[in-house]
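# Coordinates in review
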Amino acid sequence: MKRQTLFLNMYGAMLDAMGPSGWWPAKTPLEMAVGAILTQNTNWQGAAKAVAALREAGLLDPHALHAASLEAVAERIRPAGHFRVKAGRLKNLMAFIVEDLGGDITALAGDDLGQARDKLLAVKGVGPETADSILLYGLNLPDFVVDAYTARICFRHGLAPEEAGYDELRELFMDALPEDVGLYNEFHALLVRVGNAWCRPRAPKCAACPLERFLQ
């Protein structure tokens, strides 16, 4: 089976079983970018509480967040965990947005994908998964996001060797799939949901999984 056909069949099986994901749950591109930092090494519930606290404090504005003290930001984002580290990363991202993009993160969408990605990756504390999440979910650029769920599913289904790194897995999907923002968005969200519900690190529930029939 050709790789594209296989991936699209897997996508269809997940979508039929679970329905649309409606991901990413953010109101603005900036809020999405902030959420991408806050979800690092934590669950969305804690990150969502931190985003709400920033909104309540009037800090979901790039200029306000850039001007706020590190301590004030850290206190607001406690629910996200690792709050001092993440406060520093948020400040770094806001400095980039304010100083390089004129306070408008959507200006980044004017670059081609490679340039936009390189600029984000140059911000201290923004790794590939965070950068790709911002580009796909926040700026609607055709960039595929890889995370631990995606990697685990790929390895268990023999889609990539276990030593494959982030960029290799990202290219696996981007080479196989049509360049489509909506498809990339939903495909990644469905993989997250499968990984969370069935393809767990220990004791995976393969028999009930929507992707069970694709196991090699």
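Above this text is the structure in question.
Numbers given to residues run from 1 along each chain, matching the order in which its sequence is written. Two thresholds apply to this predicted model, a pLDDT of at least 70 for residue-level local features and 80 or more for giving and counting side-chain atom pairs, whereas whole-chain, interface and lining totals are computed over all residues. Excluding hydrogens and water, the side-chain figures rest on all heavy atoms present in the structure.

### What about empty space enclosed by the protein?
We place a 1 Å grid over just the protein atoms. Points where a 1.4 Å probe fits but has no way out form a cavity, open points with protein on both sides within 12 Å along at least 5 of 7 lines form a pocket, and any residue with an atom within 4 Å of a point lines it. Grid points are joined across faces, edges and corners, and a volume is the space filled by probe spheres set on the points. Taken as a whole and judged by the stated rule, the model has 1 cavity of 30 Å³ or more. Approximately 80 Å³ is the volume attributed to the largest cavity. Along the walls of the largest cavity sit R156, H157, W198, C199, P204, K205, C206, C209, L211, E212 and L215, which together make up its complete lining.

### Here's the deal with the nonpolar core
Only buried Ala, Val, Leu, Ile, Met, Phe, Trp, Tyr and Cys residues count toward a nonpolar core, and they belong to the same one when joined by side-chain atoms within 4.5 Å. Buried, partly exposed and exposed residues are distinguished by accessible area as a fraction of the type maximum, computed with a 1.4 Å probe on protein chains only: under 20%, between the cut-offs, and over 50%, respectively. Formed by 75 residues in total, the largest nonpolar core has its most connected members in F7, L38, L93, L120, F173, F187 and V194. Take this core: its biggest share by element is 8 residues, from helix α6 (residues 83-101). Contact partners of L38, with chain neighbours within four places excluded, come to A47, A50, V51, L54, I77, A80, K86 and L90. The way it works is that DSSP assigns letters per residue, a run of H or I at least four long becomes a helix, a run of E at least two long becomes a strand, and they are numbered from the N terminus. Contacts are residue-level and defined by heavy atoms, with any inter-residue pair within 4.5 Å sufficient.

### Describing the packing of helix α7 (residues 113-121) against helix α8 (residues 128-138)
Two elements in contact, α7 and α8, have axes separated by 9 Å at closest approach and are oriented at 130°. Relative to α8, the element α7 is oriented oblique. Viewed along their axes, α7 and α8 form a crossing whose handedness is right-handed. Across from L113, A116, R117, L120 and L121 in α7, the residues of α8 making contact are P128, A131, D132, I134 and L135. Think of it as three bins: nonpolar holds Ala, Val, Leu, Ile, Met, Phe, Trp, Tyr, Cys and Pro, charged holds Asp, Glu, Lys and Arg, and polar takes everything else, Gly as well. Partitioned by chemical class, the residues of the contact of α7 with α8 number 8 nonpolar, no polar and 2 charged. Angles run from 0 to 180 degrees between N-to-C directions of axes, and those axes are lines fitted to C-alpha atoms, restricted for helices to the stretch in contact. Throughout this description, any angle smaller than 35 degrees is read as roughly parallel, any larger than 145 degrees as roughly antiparallel, any in the 65 to 115 degree range as roughly perpendicular, and the remainder as oblique. Here is the rule for handedness: rotate from the far helix to the near one, and if that takes an anticlockwise turn smaller than a right angle the crossing is left-handed, while a clockwise turn gives right-handed.

### Here we look at unusual backbone geometry
Phi is positive for H82, close to 45°, though the residue is something other than glycine. Inspection of the secondary structure puts H82 in the loop between α5 (70-76) and α6. Despite not being glycine, N140 shows a phi value in the positive range, around 55°. Assessed through its relative accessible area of 51%, N140 is described here as exposed.

### Description of the pattern of salt bridges
We define a salt bridge as a contact between a side-chain nitrogen of Lys or Arg and a carboxyl oxygen of Asp or Glu at a distance within 4 Å. Evaluation of the coordinates by the stated rule reveals 7 salt bridges. Between D111 and K119 there is a salt bridge, and its shortest N-O distance comes to 2.8 Å. Since its relative accessible area comes to 37%, K119 is described here as partly exposed. Through salt bridges with shared partners, a single ionic network connects R117, D132, D143, D167 and R170.

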